[in-house]
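This is what each chain is made of:
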Amino acid sequence: MALSILRSCIKSRLTIGVSRQLIVLESKVTCPERHAPGAEFLMRVASKIRAFSSFTRRTRTRSNALNPPVIEAFQLGSSIISLEMIDDEKNHGSVLCHMDGTTVRSKIIMSHDKYNDDNFLQVYYDETRYGERWRSHDPTDREIMCSHIIDRSIRPLFTAGFPANVMVNVCVLKTNWKHEADAELMAIIATSAALMKLNITQAGPIGVIRIGRINENITINPTIDEQRRSDINLLYVCTRQNPIMADLVASEISESDLTANLKLAQLEAVKCIDSQVKLRERYQMDKKDTSNSKNFQDTRTQSSNHSGREVALGQAHCTETISDVNRFDGRSIHQIRPLHCEAGYLHTLHGSSLMSCGETQVLCTASIGKPGETQSVDVLPRKSFRVDYDFPPFCTNHIVDIFSRRWLEIGDGMFTEKALLAVIPSQRDFPYAIHLNSEVLASDGSSSTTSVCGGSIALMDAGVPIKSHVAGVSIGLVTDMETSNGQLENYRIITDTSGLENDLGEMDFKIAGTRNGITAIQLDAKSTLLSLDVIGEALKYGRQAHLQILDHMEQAINSPKETSYYKERRIEDV
């Protein structure tokens, strides 16, 4: 009997912990069968567990006293953000970020085993839901989007041919839903501090800020509720001098207002950089750890000597573009590709369109559902408008794993949805569910911006009373050299980039907007040399391209169609 009781105690020990196991053992001993054979043995086991528990507690307390965490706090907007560097031997790049009761942990692991040049950087964002009884191991769309944003923010920090695999694991440990802190912003800050702790990048730390505007008042670091009520939602990532990544959702903002907000974001984001530098200095002073820094410095020096075949091809193409003023397909640097717009391509559907931009071709279909046919996405409110973006392997004539393309599809689909969201009517004016599907039939670059154009035509063909057409265009940048102070020199901005120019250029800048202003942007810098002046110049050329594309779209359809099934469905719903 004593053996069976001990076996059950060992099984329960695996799940309920040492402290609760002591209670179980003492309850077993104090039961009416306490005088049974083996009771003294259970008491000895309980005393051993208690002694071991107190020993590990004393050791852990002594270790924390000898190695206290290094914490640096700073104010961002109306919130206080504190960064805590964890002294972990197995995970050297561990940083905690605290803000308004929300805690985000970022861990970075670097390995030289089985080096993969095509995908050396992997980012995983996890919003742990401890309250769920059953949780799927597949990441949600929000987790994939957050992973994509972190990847876009830190990838330009690594030099070409970085000779190691880097894995970033970001986890939201706890969330205070009352304050609604921005976990995406905290994740980027924690990852930047962890990279600086490892000292494996040459660009140093990065700063991040989110800017909103409520009733014409600028809000720094808005909460989740303030983001819903804001007509501008700008996420901006930069180094001390130059931008790296920008993601904007706006309600037809002008180019001048956007440039002013970008300059304001640059000034506010520097606060994150200064705090990370102080945190790193305090950590080195307290821990006196220089061996790992030296090893990573050697690795960083080696990585700068690897150029790669892609870099050489890109340098040659950029030199030809700058010298000849014409691109490889014969276009001038600001000439858009031939456009073809067709509304009502599939007559039996509610709305459809076929949009071609050069060799890129997208088929968009719009479906209208009843007011109750909305979609619940993660923890967000139900959405009455959603976009599904399909990028099958045949559109690029490649044979690849279909499941590995989910990252790209969700990211480009979200950009299309953000671009069109500003012209979608309110629920009071149009209380129906709208589903837009974009199928890329052929791709030679700018497939997401072409989906914005095709989606706008399909919505008008379906009779959705959108305010106006939305056009998208991709702006690139080519350069052949840099000055001694790290700024671009002898560069050219190119309009409507193709696939080759997108891969080999220094910038991927997607701009979507109407005739009245910009509705969404997605800026990805390939290096840390991009400046705000270059972005302002790119916005000017993007405006010119928008007007040309909108002219072609309005020739296909210039106003929403008059339909009768809306009235029929309204009667059925009533």
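Analysis parameters
- Residues numbered from 1 in each chain as written.
- Predicted model: local features only at pLDDT ≥ 70, side-chain atom pairs only at ≥ 80, totals over all residues.
- Heavy atoms only, no water.
- Helix = DSSP H or I, 4+ residues; strand = E, 2+ residues; numbered from the N terminus.
- Contact = heavy atoms within 4.5 Å.
- Areas by Shrake-Rupley, 256 points an atom, 1.4 Å probe, with all protein chains shown as cover.
- Salt bridge = Lys/Arg side-chain N within 4 Å of Asp/Glu carboxyl O.
- Buried < 20%, exposed > 50% of the residue type's maximum accessible area, 1.4 Å probe, protein only.
- Expected span 1.5 Å × (residues − 1).
- Pairing = 2+ DSSP bridges.
- Axes fitted to C-alpha atoms, helices over the stretch in contact; angles between N-to-C directions.
- Patch = residues over 30% accessible without salt bridge, like charges linked within 9 Å, V, L, I, M, F, W, Y side chains within 5 Å.
- Core = buried A, V, L, I, M, F, W, Y, C linked by side-chain atoms within 4.5 Å.
- Domains from an automatic or database assignment.
- Phe/Tyr/Trp six-rings, centres within 6.5 Å; stacked < 30°, edge-to-face > 60°.
- Lys NZ or Arg CZ within 6 Å of the ring centre and 35° of its normal.
- Parallel < 35°, antiparallel > 145°, perpendicular 65-115°, else oblique.
- Left-handed = near helix turned anticlockwise from the far one by under 90°.
- Nonpolar A, V, L, I, M, F, W, Y, C, P; charged D, E, K, R; others polar.

- As annotated in an unreviewed UniProt entry, the protein carries the name Exoribonuclease phosphorolytic domain-containing protein and comes from Brassica oleracea var. oleracea.

## Structural notes on the overall build of the protein
So, step 1. Within the protein, the secondary structure is distributed over 13 helices and 19 strands.
So, step 2. Long-range contacts, defined here as pairs at least 24 residues apart, represent 71% of the contacts in the protein between residues at least 6 apart.
So, step 3. Accessible surface computed for the protein: about 27,800 Å², of which carbon and sulfur atoms make up 52%.

## Regarding the pattern of salt bridges
So, step 1. Applying the stated rule across the entire model yields 20 salt bridges.
So, step 2. For the salt bridge of Arg-210 with Glu-184, the shortest nitrogen-to-oxygen distance reads 3.2 Å. Taken together, the residues Arg-210 in strand 7 (residues 207–214) and Glu-184 in helix 4 (residues 183–198) connect sequence positions 26 residues apart. The pair Arg-210 / Glu-184 is uniform in exposure class, with both members buried.
So, step 3. Across the salt bridge formed by Arg-213 and Asp-231, the nearest N and O atoms sit 3.2 Å from each other. Of this pair, Arg-213 sits in strand 7 while Asp-231 is found in the loop between helix 5 (224–228) and strand 9 (232–238), placing the two residues 18 residues apart along the sequence.
So, step 4. Relative accessible area serves as the criterion here: at 13%, Arg-213 is assigned to the buried category.
So, step 5. Via salt bridges that share partners, Glu-127, Arg-142, Asp-182, Glu-184 and Arg-210 belong to a single interconnected network.

## A look at helix 3 (residues 141–154)
So, step 1. For helix 3, which comprises 14 residues, the first-to-last C-alpha distance of 20 Å matches the rise-based estimate of 20 Å (1.5 Å per residue) to within 8%.
So, step 2. The buried fraction of helix 3 is high, at 12 of 14 residues.
So, step 3. Those residues of helix 3 that sit buried are Glu-143, Ile-144, Met-145, Cys-146, Ser-147, His-148, Ile-149, Ile-150, Asp-151, Arg-152, Ser-153 and Ile-154.

## Looking at the environment of Leu-83
So, step 1. Note that Leu-83 resides in strand 2 (residues 79–85).
So, step 2. On the basis of relative accessibility, which here comes to 0%, the residue Leu-83 falls in the buried class.
So, step 3. For the pair formed by Leu-83 and Gln-276, sequence separation is 193 residues and the distance between their alpha carbons is 8.0 Å.
So, step 4. Dropping the residues within four chain positions of it, Leu-83 is found in contact with Val-70, Ile-71, Glu-72, Phe-74, Val-95, Leu-96, Cys-97, Ile-189, Ala-193, Gln-276 and Leu-279.

## Overview of the sheet that holds strand 11 (residues 339–343)
So, step 1. Spatially, 11-12-13-15-14 is the arrangement adopted by the five strands of the open sheet, whose pairing is mixed. Sheet topology places strand 11 and strand 14 (385–390) at the edges, where each strand pairs with a single neighbour. Each strand axis lies, on average, 15° off the axis of its neighbour in the sheet, ignoring direction.
So, step 2. Across five bridges, the pairing between strand 11 and strand 12 (residues 351–357) is antiparallel. In the strand pairing of strand 12, Cys-341 is matched with Met-355.
So, step 3. Against the sheet, helix 10 (residues 447–461) contacts strand 11, strand 12, strand 13 (360–369), strand 14 and strand 15 (433–442), and its axis sits at roughly 150° relative to strand 12.

## Observations regarding a nonpolar patch on the surface
So, step 1. On the surface, a cluster of nonpolar side chains totalling about 260 Å² of accessible area is made up of Ile-109, Tyr-124 and Met-167.
So, step 2. Summarising the element assignment, Met-167 is placed in strand 6 (residues 165–174).

## Section: the nonpolar core
So, step 1. Within the largest apolar cluster, 127 residues are counted, with the highest numbers of intra-cluster contacts made by Ile-154, Val-166, Leu-248 and Phe-509.
So, step 2. Considering each element in turn, this core owes the most residues, 11 residues, to helix 4.
So, step 3. Each of domain 1 (70–286) and domain 2 (326–570) accounts for three or more of the residues forming this core.
So, step 4. When neighbours within four sequence positions are excluded, Val-166 is seen to be in contact with Ile-108, Ile-109, Met-110, Phe-120, Leu-121, Gln-122, Phe-158 and Ile-200.

## Remarks on the packing of aromatic side chains
So, step 1. With the rule as written, the count across this model stands at three aromatic pairs.
So, step 2. Look at Tyr-389 and Phe-391: their rings are 6.4 Å apart centre to centre, the planes differ by 15°, and that puts the pair in the stacked class. We note that Tyr-389, like Phe-391, is buried.
So, step 3. For Lys-510, the ring lying beneath its charged end belongs to Phe-415, and the centroid distance is 5.9 Å.
So, step 4. The ring centre of Tyr-541 lies 5.0 Å from the NZ or CZ of Lys-540, which sits over that ring.

## Some points on the pairing of strand 15
So, step 1. Note that strand 13 and strand 15 share nine bridges and pair antiparallel. From the neighbouring strand, Gln-361 faces strand 15, where its bridge partner is Ala-442.

## Some remarks on the packing of helix 3 against helix 4
So, step 1. Between helix 3 and helix 4, whose axes approach to 10 Å, the crossing angle comes to 40°. One finds that helix 3 runs oblique with respect to helix 4. Relative to helix 4, helix 3 is oriented so that their crossing is right-handed. Here helix 3 contributes Arg-142, Cys-146, Ile-149, Ile-150, Ser-153 and Ile-154 to the contact with helix 4, which in turn contributes Ala-183, Glu-184, Ala-187, Ile-188, Thr-191 and Leu-195.
So, step 2. Taken together, the residues that form the contact of helix 3 with helix 4 break down as eight nonpolar, two polar and two charged.

## Brief notes about unusual backbone geometry
So, step 1. At Asn-221, a position not held by glycine, the phi torsion is positive, near 55°.
So, step 2. Looking at the element boundaries, Asn-221 is found in the loop between strand 8 (217–220) and helix 5.
So, step 3. The phi dihedral of Asp-496 falls on the positive side, at around 60°, and the residue is not glycine.
So, step 4. Inspection of the secondary structure assignment puts Asp-496 in the loop between strand 17 (488–495) and helix 11 (499–504).

## Let's talk about the packing of helix 9 (residues 406–421) against helix 10
So, step 1. Interhelical geometry of helix 9 versus helix 10 gives an angle of 45° and a closest axis separation of 9 Å. By the angle between their directions, the pair helix 9 and helix 10 is classed as oblique. For the pair helix 9 and helix 10, the sense of crossing is right-handed. Packed against helix 9, whose contacting residues are Asp-412, Phe-415, Thr-416, Ala-419 and Leu-420, the element helix 10 presents Ser-447, Ser-448, Thr-449, Ser-451, Val-452, Gly-455, Ser-456 and Leu-459 at the interface.
So, step 2. Residues of the contact of helix 9 with helix 10, tallied by class, amount to five nonpolar, seven polar and one charged.

## Looking at the environment of Ala-433
So, step 1. For Ala-433, the position within the fold is in strand 15.
So, step 2. Residues Ala-433 and Pro-371, 62 residues apart in the sequence, show an inter-C-alpha distance of 5.5 Å.

## Notes on the sheet that holds strand 4 (residues 102–111)
So, step 1. Judged by pairing direction, the sheet is mixed, and its six strands sit side by side in the order 1-2-3-4-6-5 without closing on themselves. Lying at the two open borders of the sheet, with one neighbouring strand each, are strand 1 (70–76) and strand 5 (121–127). Averaged over all neighbouring strand pairs, the angle between strand axes comes to 15°, with direction disregarded.
So, step 2. As judged from the seven bridges shared by strand 3 (residues 93–99) and strand 4, these two strands associate in the antiparallel manner. Its bridge partner being in strand 4, Ser-94 is matched across the sheet by Lys-107.
So, step 3. Relative to the sheet, helix 3 contacts strand 5 and strand 6, its axis offset from that of strand 5 by approximately 140°.
So, step 4. Sheet contacts for helix 4: strand 1, strand 2, strand 3, strand 4, strand 5 and strand 6; angle to strand 4, the most-contacted strand, approximately 40°.

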